[in-house]
Amino acid sequence: MIIEVKNASTLRNFIKTLGEDILYAYDRRLIGVLVEGKRLWPSASLDPGMKVTVFPIMTGG
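Residues numbered from 1 in each chain as written. Predicted model: local features only at pLDDT ≥ 70, side-chain atom pairs only at ≥ 80, totals over all residues. Heavy atoms only, no water.

Draft legend 1. Up close: the pairing of strand 5 (residues 51-56). Examined bridge by bridge, strand 1 (residues 2-4) and strand 5 share 3 bridges and lie antiparallel to one another. Looking across to strand 5, one finds that isoleucine 3 is bridged to valine 52. Where strand 3 (residues 31-35) meets strand 5, 5 bridges bridge the pair, whose relative direction is antiparallel. Within strand 5, the position partnered with valine 33 by the bridge is valine 54. (Pairing = 2+ DSSP bridges. Helix = DSSP H or I, 4+ residues; strand = E, 2+ residues; numbered from the N terminus.)

As structure tokens, then:
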């Protein structure tokens, strides 16, 4: 899913606004998060209008 940032925040705080289940998956590295197509640190600053992509990590084996 692609989500547009409405308010300035850090990446971690933005993910937290998506729900506790999403934050849990992010902390456990079960989902991937790209900001404008790049991987960023959880402490990275996000500005309004930026696009954040959240996607499941697929594993096999």
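Draft legend 2. View of the layout of surface pockets. Counted as a void, the largest pocket has a volume near 310 Å³. Considering the residues around the largest pocket, the lining is formed by Leu11, Tyr26, Asp27, Arg29, Ile31, Gly32, Val33, Arg39, Leu40, Trp41, Pro42 and Ile57. For the lining of the largest pocket, the secondary structure elements donating two or more residues are helix 2 (20-27) and strand 3. The element contributing the most residues to the lining of the largest pocket is strand 3, with 3 residues. In terms of residue class, the lining of the largest pocket is built from 8 nonpolar, 1 polar and 3 charged. (1 Å grid on protein atoms, 1.4 Å probe; cavity = no way out; pocket = protein on both sides within 12 Å on 5 of 7 lines; lining within 4 Å. Points joined across faces, edges and corners; volume = space filled by probe spheres on them. Nonpolar A, V, L, I, M, F, W, Y, C, P; charged D, E, K, R; others polar.)

Draft legend 3. Summary view of helix 2. Listing the buried residues of helix 2 in full gives Ile22, Leu23, Ala25 and Tyr26. Taken around the axis of helix 2, the buried residues stretch over an arc of 160°, which confines them to a single face. For helix 2, the exposed residues set more than 90 degrees away from the buried face come down to Glu20, Asp21 and Tyr24. Against helix 1 (11-17) and strand 3 lie the buried residues of helix 2. Immediately beyond the C-terminal end of helix 2, within one or two residues, lies arginine 29, with a positive phi of roughly 60°. (Buried < 20%, exposed > 50% of the residue type's maximum accessible area, 1.4 Å probe, protein only. Arc of directions from axis to C-beta. Contact = heavy atoms within 4.5 Å.)

Draft legend 4. A look at the environment of leucine 46. Mapped onto the elements of the fold, leucine 46 is located in strand 4 (residues 45-46). Residue leucine 46 is classed as buried on the basis of its relative accessible area, which comes to 1%. Between the alpha carbons of leucine 46 and threonine 17 there is a distance of 13 Å; along the sequence they are 29 residues apart. Apart from residues no more than four positions distant in its own chain, leucine 46 is found in contact with Val5, Ala8, Ser9, Thr10, Leu11, Phe14, Val35 and Val52.

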